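The residues making up each chain are set out below.
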Amino acid sequence: MTGSQPLQADNVVAADLDGDGTADLGTVSDGVLSIAGKSVKLEGSFQRAVRMPRPGGDALVVATGQGRGHREAATRIIEVTQGETRTLWTHKGARNQVTDLRVVDGRLWIAAYSDARKVSGGWLTDGTLEPLATAHMGQRQLPLDDGRVVVARVYGEAPKSPGDLSLYSPGGATVPLTSLRGARALAAVDLDGDGVDEVISGDGWHYAYGAEADPRVVVHSGPDLSQARVIAWIPESYAALDIVPINQGKDAALLVQGSQRAVVLQRDALGWATLDLGAISEVSDMAVLDSGSDTVLRVAISGEGARVVTLELGR
């Protein structure tokens, strides 16, 4: 680690709104999003955000909904650009929470509770969300290029039953994938440079998470993702809550938000090395900032001990 700067933020986001080639750091404090000179009062609790690259300036897509102090808030997806802030989608039901938000090939994928226990995921098109995968507690959902969807369930249908990882096909078939109980994080990146993405999961969730959880990071590969390899365990944590790929191929690294620590996983002579970014609070989140170099990583971390960390990645 080459440096750390203190920061004040309940949540952090990043997007290049003005199109100058550098992502602006955004913060959420007391329910107000501030980024690139703009201030937006959020109508609900901040849940997730994603940067949507566009020519001439990114859009920042933000999901809000139910949470502490906002028990009656509807699910809301807004888009913030340099010129305007507009609402893309709203929903009000038994549980108004967005559990996954992704930009894939320029399209917006949303996974949100469709009732008190089920989560539905699909593409948002012209203000309409058409579910392609629905699963009990399937909080993380990753769409693949061929139309299939990887669904990570934190719990099964029965009380305190373990979750799992599955591959959903458009025709309705569901194929189980290797996992240790529930999974809390999903990502995709080409790790070997063959032009095909591997899927990375964070599994090992247990209802007695303080004592029994096994915070693993697993790479799934092969045409049906049937090959699974554990590459790391997150120190002092009960789960990997988010995984952000950095670079691709032989230079790929993985930024992992654990429940108690943030780390970067990077290849070394023995497999994967763990670079510790320090303690992180359970309600923290992370945003990757542009550094102008493939070998320098800048990460904003929110919550208690909020900071911007800069480190040089090995080659």
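Up top is the structure these notes are about.
Residues numbered from 1 in each chain as written. Predicted model: local features only at pLDDT ≥ 70, side-chain atom pairs only at ≥ 80, totals over all residues. Heavy atoms only, no water.

J.: Teacher, can you tell me more about the overall build of the chain here?
T.: Within the chain one finds 1 helix and 28 strands. A globule of 315 residues ought to have a C-alpha radius of gyration of about 20 Å, and the chain, at 18 Å, matches this closely. Each principal axis of the C-alpha distribution contributes one length, and for the chain these read about 45 × 45 × 40 Å. A buried classification covers 53% of the 315 residues belonging to the chain. Residue pairs in contact within the chain that sit at least 24 positions apart in sequence constitute 37% of those at least 6 positions apart. When the 29 positive and 40 negative side-chain charges of the chain are each reduced to one mean point, those points stand 6 Å apart. (Helix = DSSP H or I, 4+ residues; strand = E, 2+ residues; numbered from the N terminus. Rg over C-alpha atoms; globule rule 2.2 N^0.38 Å. Buried < 20%, exposed > 50% of the residue type's maximum accessible area, 1.4 Å probe, protein only. Contact = heavy atoms within 4.5 Å. Lys, Arg positive; Asp, Glu negative; His and termini not counted. Charge placed at Lys NZ, Arg CZ, Asp CG, Glu CD.)

J.: When you look at the nonpolar core in this model, what are you seeing that I'm missing?
T.: With 18 residues, the main nonpolar core has Ile200, Val217, Ile231, Ile243, Leu254, Val256 and Leu265 as its most contacted residues. Of all the elements in the fold, those that place two or more residues in this core are β18 (182-189), β20 (216-221), β21 (227-233), β22 (240-246), β23 (253-258) and β24 (261-268). Looking at which element gives the most residues to this core, the answer is β18, with 3 residues. When residues no more than four places from it in sequence are discounted, the contact partners of Leu254 are Val189, Ile200, Ile231, Ile243, Val244, Pro245, Val263, Val264, Leu265 and Trp272. Val104, Trp123, Val154 and Leu241 belong to the second largest nonpolar core, which has 17 residues in total. (Core = buried A, V, L, I, M, F, W, Y, C linked by side-chain atoms within 4.5 Å.)

J.: Looking at this structure, I do not really get the packing of aromatic side chains. What am I missing?
T.: Both the distance between ring centres and the angle between the ring planes are used here to describe each pair of aromatic rings. Following the criterion strictly, the structure yields 5 aromatic pairs and no others. Summarising the aromatic geometry, the rings of Trp205 and Tyr209 are spaced 5.0 Å apart at their centres and angled 20° between planes, so their arrangement reads as stacked. For Trp205, a relative accessible area of 7% gives the class buried. Both rings, one in Tyr209 and one in Tyr238, keep their centres 4.6 Å apart while their planes meet at 50°; by these two values the pair is tilted. (Phe/Tyr/Trp six-rings, centres within 6.5 Å; stacked < 30°, edge-to-face > 60°.)

J.: Is there a simple way to think about a negative patch on the surface in this case?
T.: Taken together, the side chains of Asp105, Asp145, Asp192, Asp194 and Asp197 present a region of like negative charge at the surface. In this fold, Asp197 is placed in the loop between β18 and β19 (198-205). On the accessibility criterion, Asp197 (41% relative accessible area) is partly exposed. (Patch = residues over 30% accessible without salt bridge, like charges linked within 9 Å, V, L, I, M, F, W, Y side chains within 5 Å. Areas by Shrake-Rupley, 256 points an atom, 1.4 Å probe, with all protein chains shown as cover. Salt bridge = Lys/Arg side-chain N within 4 Å of Asp/Glu carboxyl O.)

J.: Explanation requested: the pattern of salt bridges in the structure shown.
T.: Opposite charge on two side chains lets them pair, provided their charged atoms get close. This structure, assessed with the given rule, holds 15 salt bridges. Asp100 is the salt-bridge partner of Arg102, the closest N and O atoms lying 3.1 Å from each other. Residue Arg102 shares its accessibility class with Asp100, and that shared class is buried. Each of the salt bridges in this network shares a partner with another, and the network as a whole consists of Arg51, Asp58 and Asp290.

J.: Looking at this structure, how should I read unusual backbone geometry?
T.: The phi angle of most residues is negative, glycine excepted, and most peptide bonds adopt the trans form. Here the phi dihedral of Asp30 falls at roughly 55°; this positive angle occurs in a residue that is not glycine. Structurally, the position occupied by Asp30 is in the loop between β3 (24-29) and β4 (32-35). With a relative accessible area of 70%, Asp30 lands in the exposed category.

J.: Whenever I open this one, the environment of Gly83 confuses me. Can you help?
T.: For Gly83, the location among the structural elements is in the loop between β8 (75-80) and β9 (85-91). Residues Gly83 and Pro223 lie 140 residues apart in sequence; the distance between their C-alpha atoms is 43 Å.

J.: Any chance you could explain the sheet that holds β8 here in plain terms?
T.: Pairing between the strands of a sheet is mediated by backbone hydrogen bonds and can be parallel or antiparallel. Taken together, 4 strands build an open sheet; the order of strands is β6-β7-β8-β9 and the sheet is antiparallel. Here the strands that pair on one side only, and so sit at the sheet edges, are β6 (45-52) and β9. Geometrically, the sheet is characterised by an average inter-axis angle of 20° between neighbouring strands, direction not taken into account. Of the strand pairs in this sheet, strand β7 (residues 59-65) and β8 are connected by 5 bridges, and their pairing is antiparallel. (Pairing = 2+ DSSP bridges. Axes fitted to C-alpha atoms, helices over the stretch in contact; angles between N-to-C directions.)

J.: Whenever I open this one, the environment of Ile301 confuses me. Can you help?
T.: Here Ile301 shows up in strand β27 (residues 296-301). When its relative accessible area of 0% is taken as the criterion, Ile301 is described as buried. Spatially, the C-alpha atoms of Ile301 and Ala287 are 6.8 Å apart, while their sequence positions differ by 14 residues. Setting aside chain neighbours within four positions, we find Ile301 in contact with Leu7, Val12, Ala262, Ile280, Asp285, Met286, Ala306, Arg307 and Val309.

J.: Could you clarify how one ought to interpret the environment of His136 in this entry?
T.: Within the element layout of this structure, His136 appears in strand β13 (residues 128-136). On a C-alpha basis, the gap between His136 and Gly67 in space is 20 Å, while along the polypeptide they are 69 residues apart. If we ignore the near neighbours within four places in the chain, the residues touching His136 are Arg117, Lys118, Arg153, Tyr155, Gly156 and Glu157. Within the structure, the side chain of His136 is placed 3.1 Å from the backbone oxygen of Gly156, a separation counted as a polar contact. (Polar contact = N/O pair within 3.5 Å; in protein donor to acceptor, adjacent residues only side chain to side chain.)

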